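# Fold and contact review
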Amino acid sequence: MSTRSRLDELAIWAGERGREPDLYEYGGREDQVADLWAADNGRSDRIAILIHGGFWREAYDRSSLNALASALAERGWASWNIEYRRGPGTATDALEDVYSAVLRLRELVMLSEVIVVGHSAGGQLALCTAGRLPAELTVSLAGVADLVTAAAERIGDDAVREFIGADPEEAQELYWALDPLSRVPTAAPTLLVHGAQDDRVPITQSRLYAAAASARSSPCDLLELKGADHFDLIDPRTKACRAWLKRLPG
C-alpha cells in the first residue's frame, strides 16, 4: 500500500470515530496552527503534544496523526496536534514553530501532565525538545534521530539535505543545532519506538540514539517491534501502536 493510501485510510478511520478538534492559530502564517483534541474523560490538563512526520515536506500535514489523537482521547489524553513550516530550508523554522505552538497551548489550558510524541521527521523535532519542554516523557516513533547519518544514507530521497539546505560538511553548526544526537544527554526520559520492518526510516536511527543515550547516562528506552512497519506505530488498529501506548504514564 502506498504512503498516501495508508494515510487516507487512517484519516477515514479517525473520521468514523466522530471526534472533532478545535483549531487554533499560534502565528500569522497559514501553517502556524494546531488542533486541540479533547479527551473523552473531559480532562484538558493531561495532554500529548503531537508532531507529525512526512520528511518535513509540505505534501504531508498534521492530519496523519488524527487517528492517534483519537486513540489517545479514548485513553484519557487530550492532544495538541501541531502544524509547522515545512519545505526546503525550513529546519530552524520548524523547530521554532514547535516551541511557539507549545507557548500558545499554555495560554489555552492548565497543564499538569505533558508528553511529546513525534513520528518520523516529527521524531527529530520531538527529540530536539527533550528536556526543554515541560514534559514527563518524549516519545520518538520511527524518528529521524541522527541527521548526519540520515543525510549520508540519503533517507527519504535526500530529505535531510533538502530540509537543512546543505550537506553536513557545509553546515556543521546548523546540523549540530538540529541533530537530536547533539542534545544527548537530556534530563527528561525518552522512549524510542521503531518497527523492525520500517523501510522508510531504518531502525538503526533509533539504535544510534539509544547507544548515545546509554553512553552518556541519559534516561532512554528503546522498544523494537518485530513485524511493524513505519506507519503501524501511528495506526491504533495495530498491535504495534497499542504496545507503545501501554507504556505511557498513567
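The model shown is predicted, which means the values in this text are computed figures rather than measured ones.

## What to know about the pattern of salt bridges
A full pass over the atoms with the stated rule returns 23 salt bridges. As a salt-bridge pair, Arg43 and Asp45 come within 3.1 Å of each other at their nearest N and O atoms. Classification of Arg43 as partly exposed rests on a relative accessible area of 37%. Arg161 is the salt-bridge partner of Asp167, the closest N and O atoms lying 2.2 Å from each other. What makes Arg161 partly exposed here is its relative accessible area of 22%. It is possible to trace a salt-bridge network through shared partners that takes in Arg6, Glu9, Asp229, Asp232, Asp235 and Arg237.

## Here we look at the sheet that holds strand β4 (residues 78–82)
Ordered in space as β1-β2-β4-β3-β5-β6-β7-β8, the 8 strands form an open sheet in which the pairing is mixed. The sheet is open, and its two borders are formed by β1 (22–25) and β8 (220–225), each paired with just one other strand. Shown here is a sheet whose adjacent strand axes are inclined to one another by a mean of 20°, direction ignored. Pairing of strand β3 (residues 46–51) with β4 involves 5 bridges; the strand directions are parallel. The residue bridging Leu50 from the neighbouring strand is Asn81, located in β4. Sheet strands in contact with helix α3 (residues 91–108) are β1, β2 (33–37), β3 and β4, and its direction is about 145° off that of β4.

## A few points about the nonpolar core
In this structure, Trp56 and Val160 are the most contacted members of the largest nonpolar core, which totals 43 residues. Looking at this core element by element, the count peaks at 7 residues for α3. Setting aside residues up to four positions removed in sequence, Trp56 forms contacts with Arg86, Gly87, Ala121, Gln124, Leu125, Val144, Leu147, Ala159, Val160 and Phe163. Membership of the second largest hydrophobic core comes to 33 residues, among which are Leu7, Ala67, Val193 and Ala228.

Thresholds applied
- Residues numbered from 1 in each chain as written.
- Predicted model: local features only at pLDDT ≥ 70, side-chain atom pairs only at ≥ 80, totals over all residues.
- Heavy atoms only, no water.
- Salt bridge = Lys/Arg side-chain N within 4 Å of Asp/Glu carboxyl O.
- Buried < 20%, exposed > 50% of the residue type's maximum accessible area, 1.4 Å probe, protein only.
- Pairing = 2+ DSSP bridges.
- Helix = DSSP H or I, 4+ residues; strand = E, 2+ residues; numbered from the N terminus.
- Axes fitted to C-alpha atoms, helices over the stretch in contact; angles between N-to-C directions.
- Contact = heavy atoms within 4.5 Å.
- Core = buried A, V, L, I, M, F, W, Y, C linked by side-chain atoms within 4.5 Å.

In short, geometric facts, not functional conclusions.
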